[in-house]
Amino acid sequence: MNPTTFGNLVNKFRAAATTFQAQQQEAPNYAVTFAKKHTSDSFNNAEWDKAQWNEPPNWKHNQTTL
Amino acid sequence: MSRATSKIGPIGQVVIQSTSLCNLNCSYCYLTVSERQSNHQFPIENVPTVFGNLMKSDYALNRLNILFHAGEPLAAGIDYYRRFLAELDTLKIQLGKPDFEFEFCIQTNATLITQEWCDFVQEKNIRIGVSCDGPAIIHDATRKNWAGAGTLNAVLKGMSLLKKNTIPFSVLSVVSPLTLNYAKEFIGFFVENNIRSIGILPLDQLGIQKDNPLGDENLKRKYTEFLKILLAEIEKNKLDLKIRECDIVLEAILHQDNHYWDNTPLALITIDHQGNFSTFSPDMLTNSIPDYEDGNLVLGNLLEENIDDVIHKPKFKRMWAEIQGGIEKCRQSCDYFQVCGGGLPSVKINQHNTFDVAETTDCVYRIKLVADVMMEKLLDTPVGAAILAEGQA
């Protein structure tokens, strides 16, 4: 298995998500900014769940099975 | 049947064509000129039948997001929406569902926004999305009025009114090959106009042709470079500006598999002014597919039949089986499946005349190139460096 394939990297970043959000980095980085915003209540409530994307929040929950 | 592809509903969003009329003549519009010049309105008297149908569905939740789209919704006038929303309030009582929640959204070109519209939007708590392609050199090249003139100034007046009334809105921008030449001007435009969140939609012509479905490599490189410039500008100037496509991919990388509603039957239902409906991707209602079934992807009419009966129709069964087959191909063949969930059915059938395929150019531009740029950002961090070092050990 190639450890640097995209899919494997995704798995590693998910495993390290908490560490990633807590890391300190001086240089601005869009991904880090996103991760830090994601952990804040204000972001979760005001921006992500109710983001102005004309899409219903949490639509993927409560799905029924055929 | 696989886990991620075996679900139907719930009904999350209805995209409804309140009117086919549009005051603009954008060159890439998927509606015909004839449709956009005709004021075909969804009749208010049909609201109880169509929405009662949806609210009583076994796949309904106790809430529904209604997006007015496909034509310029504001062209129908404020009174139209007052009556539309009043009918829905009455319907809730009639159906014994007083707690049923509607959330309303309007996707508008913003050129018809007035103070009266702003008052109405605030009164009814309607969410607004504005279609704007950026600075004049880009926007006015394609988003013209019927006289052939650019429309950016009118859009800016509309956005200015929204801001004056502190009405939040997002912007959806179609990105064409022309846009790729003006990355700094593009991002600068949104900063200058204090826009905080933008969605970027790669235009079909971004290399997407049936005889060359994966586009050319030069265009892919330009798109990647375009994304990198946008992010670099955001980072350099510490801008509070979100790019939807980047955030969706980051969310999927860091937290959970993505799964677009386009791959879930009835999650999104699109209805035209006559009550005809389709599901999966919104544009499947208007797609013409000459070699497929009866030449289109319409699944019925909500004035005449129960929404729940659609799943028993042979046409739906064929579409759903093919879509599931396509998702499975994606799962087995694509390293980006976790951040995508199986591609968009409407693009698959447009490019391949079947849903039962994996990669399309949409996958490349909307997912893969964005994901590569985001992964580069993630790896350019201490955690990313540790992950890379671990992989090389």
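Since we're looking at a predicted model, the values are computed, not measured. The residue numbering used here restarts from 1 in each chain and proceeds along that chain's sequence as written. To label them, take the chains in the order written and letter them from A, then take the ligands in the order written and number them from 1. Selection of residues for local features in this predicted model requires a pLDDT of at least 70, selection of side-chain atom pairs for listing and counting requires 80 or more, and totals for whole chains, interfaces and linings are taken over all residues.

Novice: So what exactly am I meant to see when it comes to the overall build of chain A here?
Specialist: What counts as a helix is a DSSP run of H or I of at least four residues, what counts as a strand is a run of E of at least two, and both are numbered from the N terminus. Within chain A, the secondary structure is distributed over four helices and one strand. Along its sequence from the N terminus, chain A presents helices and strands in the succession α-α-α-α-β. With C-beta atoms placed from the backbone, a residue counts as buried when 20 or more other C-beta atoms lie within 10 Å of its own, as exposed when 12 or fewer do, and as partly exposed for counts between those limits. Taking all 66 residues of chain A together, the buried fraction comes to 21%.

Novice: What exactly am I supposed to notice about the overall build of chain B here?
Specialist: Within chain B, the secondary structure is distributed over 14 helices and eleven strands. Radius of gyration (C-alpha) of chain B: 21 Å, near the 21 Å computed for a compact globule of 393 residues. Expressed along its principal axes, the backbone C-alpha trace of chain B runs to roughly 65 × 50 × 40 Å. Here chain B holds 393 residues, and the buried ones make up 47% of them. What the globule rule says is 2.2 Å times the number of residues to the power 0.38, and the radius of gyration is computed from C-alpha atoms.

Novice: Can you walk me through the packing of helix H8 (residues 217–236) of chain B against helix H13 (residues 361–379) of chain B in this structure?
Specialist: All names here are of chain B. Structural elements are reduced to axes, namely lines fitted to C-alpha atoms, with helices fitted over the stretch in contact, and the angle between N-to-C directions of any two is expressed from 0 to 180 degrees. Two elements in contact, H8 and H13, have axes whose closest approach is 10 Å; the angle formed by their N-to-C orientations is 50 degrees. Classified by the angle their axes make, H8 and H13 are oblique. In the crossing of H8 with H13, the sense of the turn from one axis to the other is right-handed. Seen from H8, the contacting residues are Lys220, Tyr223, Thr224, Leu227, Lys228 and Leu231; seen from H13, they are Val364, Tyr365, Leu369, Val370, Asp372, Val373 and Lys377. For the contact of H8 with H13, the class distribution of residues is eight nonpolar, one polar and four charged. Our angle categories are set so that under 35 degrees counts as roughly parallel, over 145 as roughly antiparallel, 65 to 115 as roughly perpendicular, and the remainder as oblique. By the definition used in this description, the sense in which the near helix is turned from the far one sets the handedness, with an anticlockwise turn below a right angle giving left-handed and a clockwise turn giving right-handed. It is the C-beta atoms, placed from the backbone, that decide contacts: two residues are in contact if theirs lie within 7 Å. Residue type decides the class: Asp, Glu, Lys and Arg count as charged, Ala, Val, Leu, Ile, Met, Phe, Trp, Tyr, Cys and Pro as nonpolar, and the leftover types, Gly among them, as polar.

Novice: I tried to follow the confidence of the model for chain B on my own but got confused; where do I start?
Specialist: Residues and elements named next belong to chain B. On average, chain B scores 91 in pLDDT, and the residues at 70 or more come to 94%. Overall, residues 1–5 carries pLDDT values under 50, and its contacts beyond four positions in sequence, including any with other chains, amount to eight contacts. Both scores are given for the predicted complex: the pTM is 0.89, the ipTM 0.85. Predictor confidence is given residue by residue as pLDDT, running from a minimum of 0 to a maximum of 100.

Novice: Looking at this structure, how should I read the environment of B:Met284?
Specialist: By the element assignment, B:Met284 lies in the loop between strand E10 (276–279) and strand E11 (300–301). Ignoring sequence-local partners within four residues, the contact set of B:Met284 consists of B:Thr270, B:Ser278, B:Leu297 and B:Ser346.

Novice: Would you mind going over the sheet that holds strand E3 (residues 60–68) of chain B with me for this structure?
Specialist: Think of a sheet as strands paired side by side through backbone hydrogen bonds, with each pair either parallel or antiparallel. DSSP-based pairing: two strands are paired if at least 2 bridges between them are found. Here ten strands make up an open sheet; going across it, the order is E8-E7-E6-E5-E4-E3-E2-E9-E10-E11 (chain B) and the pairing mixed. Unpaired on one side and paired on the other, strand E8 (242–243) and E11 of chain B mark the two borders of the sheet.

Novice: What exactly am I supposed to notice about the interface of chain A and chain B here?
Specialist: By convention, interface size is frequently given as the accessible area that disappears when the constituent parts associate. Tallying the contact residues gives 36 residues for chain A and 51 residues for chain B. Mapped onto the side of chain A that touches chain B, the elements with two or more residues apiece are helix H1 (6–15), helix H2 (17–22), helix H3 (30–39) and strand E1 (64–65) of chain A. Counting residues per element, the side of chain A that touches chain B draws most heavily on H1(A), at seven residues. Grouping the amino acids of the side of chain A that touches chain B by side-chain chemistry returns 19 nonpolar, 13 polar and four charged.

Novice: So what exactly am I meant to see when it comes to the nonpolar core here?
Specialist: As a rule of thumb, soluble globular proteins bury nonpolar side chains together. With 115 residues, the main nonpolar core has B:Leu54, B:Val249, B:Ile253, B:Val339 and B:Met374 as its most contacted residues. The biggest single contributor to this core is H13(B), with ten residues. The residues contacting B:Met374, other than those within four sequence positions of it, are A:Ala31, B:Cys246, B:Val249, B:Leu250 and B:Ile253. To define a nonpolar core, we join buried Ala, Val, Leu, Ile, Met, Phe, Trp, Tyr and Cys residues through C-beta atoms within 7 Å and take the resulting set.

Novice: How should I be thinking about the packing of helix H9 (residues 244–254) of chain B against H13(B) in this particular structure?
Specialist: Packed helix pairs are specified by the crossing angle of their axes together with the interaxial distance, meaning the distance between the axes. Residues and elements named next belong to chain B. At their nearest, the axes of H9 and H13 sit 9 Å apart, and the two run at 65 degrees to each other. Considering their axes alone, H9 and H13 lie roughly perpendicular with respect to each other. For the pair H9 and H13, the crossing hand works out as right-handed. For the pair H9 and H13, contact is made by Glu245, Cys246, Val249, Leu250 and Ile253 and by Arg366, Val370, Ala371, Met374 and Leu378, respectively. Of the residues in the contact of H9 with H13, the class split is eight nonpolar, no polar and two charged.

Novice: What exactly am I supposed to notice about the pairing of strand E7 (residues 197–202) of chain B here?
Specialist: All names here are of chain B. Burial analysis of E7 places five of its six residues in the buried class, the great majority of the element. Convention used here: a crossover is right-handed provided that the path from the first strand, over the helix, to the second strand proceeds clockwise when the strands point away from the viewer. One crossover worth recording links strand E6 (residues 169–175) to the parallel E7 by way of helix H7 (residues 183–192), and it is right-handed. Here E7 pairs with E8 via two bridges, running parallel. Across the sheet, Ser197 pairs through a bridge with Lys242, a residue of E8.

Novice: Which parts of the structure should I look at to understand the pairing of E3(B)?
Specialist: On any regular strand, side chains alternate: one points to one face of the sheet, the next to the other face. Residues and elements named next belong to chain B. Bridging between strand E2 (residues 11–16) and E3 involves five bridges; their strand directions are parallel. The residue bridging Val15 from the neighbouring strand is Leu67, located in E3. Where E3 lies against strand E4 (residues 101–108), six bridges are found, and the strand directions are parallel. By the bridge assignment, Leu64 is partnered in E4 with Phe102. For the crossover that starts at E3, traverses helix H3 (residues 78–94) and ends in the parallel E4, the hand is right-handed.

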